[in-house]
Amino acid sequence: ETGVTQTPRHLVMGMTNKKSLKCEQHLGHNAMYWYKQSAKKPLELMFVYSLEERVENNSVPSRFSPECPNSSHLFLHLHTLQPEDSALYLCASSQEATPYNEQFFGPGTRLTVL
Amino acid sequence: AQSVAQPEDQVNVAEGNPLTVKCTYSVSGNPYLFWYVQYPNRGLQFLLKYITGDNLVKGSYGFEAEFNKSQTSFHLKKPSALVSDSALYFCAVRDTLQDSNYQLIWGAGTKLIIKP
């Protein structure tokens, strides 16, 4: 395993629901990331946190709200999602938020929005 | 503009044969290049990277890749394929001159199928 865990692994929600995705890394890394993976499309970077500070927000709709309470935990709060938001949401971490550090990914949360 | 192309959606190789998964890129500055693998129902796993130095990079599970600046390519190779290598492979590049400090440009992925 990569040392990055995500819960839940699967989530089905209605468009009016509010839910949260959780990510935890056990690697002592300082940077954490949220990605969206849709079928046959490149990974889309959503948010980057470095030492609990958000350093990148890639034009993500406000219905996605990240939270990083400490360097080991990352949340993605979801509300009033759309069916097109259905995808695999991947969390990743790296030693630092530098371009030459490789990233370690969790298994993902498969989200279905009805 | 920065871009990554994985020209093959799928590559089929017989077990024991050499395999190649292709990746070409376009950047303004110098590239940092990465290969990741994704097994079914799993997240991505780092295989190898090129930052600087020797053009031939060796990585996990017997994989290697060669950085070719003139052809702007970074093809992934393995001398002898295993059935367990069947997975989805992603190439990614970071342009040293791009505005974002954190954005990797990802390819769409190549599905590798190794047949017994």
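The coordinates are above.
A brief structural summary. Since the model is a prediction, treat every value here as computed from it, not as a measurement. (Residues numbered from 1 in each chain as written. Chains lettered and ligands numbered in written order. Predicted model: local features only at pLDDT ≥ 70, side-chain atom pairs only at ≥ 80, totals over all residues. Heavy atoms only, no water.)

Description of the side chain of His29 of chain A
Residues and elements named next belong to chain A. The test is simple: Every helix listed is a DSSP run of H or I at least four residues long, and every strand listed is a run of E at least two residues long, numbered separately from the N terminus. Polar contact criterion, stated in full: a pair of N or O atoms within 3.5 Å, where within protein one must be able to donate a hydrogen and the other to accept it, and residues adjacent in sequence count only if both atoms are side-chain atoms. By definition in these notes, contact holds between two residues if any of their heavy atoms fall within 4.5 Å.
With respect to the helices and strands, His29 occurs in the loop between strand E3 (18-25) and strand E4 (31-37). One polar contact links His29 to Ser93, side chain to side chain, over a distance of 2.8 Å. Ignoring any residue separated from it by four or fewer positions in sequence, one finds His29 in contact with Ser71, Ser93, Ser94, Gln95 and Phe104.

Some remarks on the state of the cysteines
Inclusion rule: Here, two cysteine sulfur atoms that lie within 2.5 Å of each other are counted as a disulfide. The buried label applies to any residue whose accessible area, calculated with a 1.4 Å probe on protein chains only, is under 20% of its type's maximum; exposed applies above 50%, and partly exposed to all values in between.
In the structure shown here, the tally under the stated rule is two disulfides over all chains. The disulfide bridge from Cys23 of chain A ends at Cys91 of chain A, spanning 1.9 Å between sulfur atoms. An S-S torsion of about -70 degrees defines the bridge between Cys23 of chain A and Cys91 of chain A as left-handed. Pair noted here: Cys23 of chain A is in strand E3 and Cys91 of chain A is in strand E9 (residues 87-94), with a separation of 68 residues, a long-range link. Take Cys23 of chain A and Cys91 of chain A: they sit in the same class, and that class is buried. Cys23 of chain B shares a disulfide with Cys91 of chain B; S-S distance 2.0 Å. Every disulfide takes its handedness from the sign of the S-S torsion; for Cys23 of chain B and Cys91 of chain B that torsion is -60 degrees, giving left-handed. Of this pair, Cys23 of chain B sits in the loop between strand E3 (19-21) and strand E4 (24-26) while Cys91 of chain B sits in strand E10 (residues 87-95), and the two are 68 residues apart along the sequence. Its relative accessible area of 0% is what places Cys23 of chain B among the buried residues. Distance from the sulfur of Cys68 of chain A, which forms no disulfide, to the nearest cysteine sulfur (Cys91 of chain A) is 9.0 Å. Overall, the relative accessible area of 12% leaves Cys68 of chain A in the buried class.

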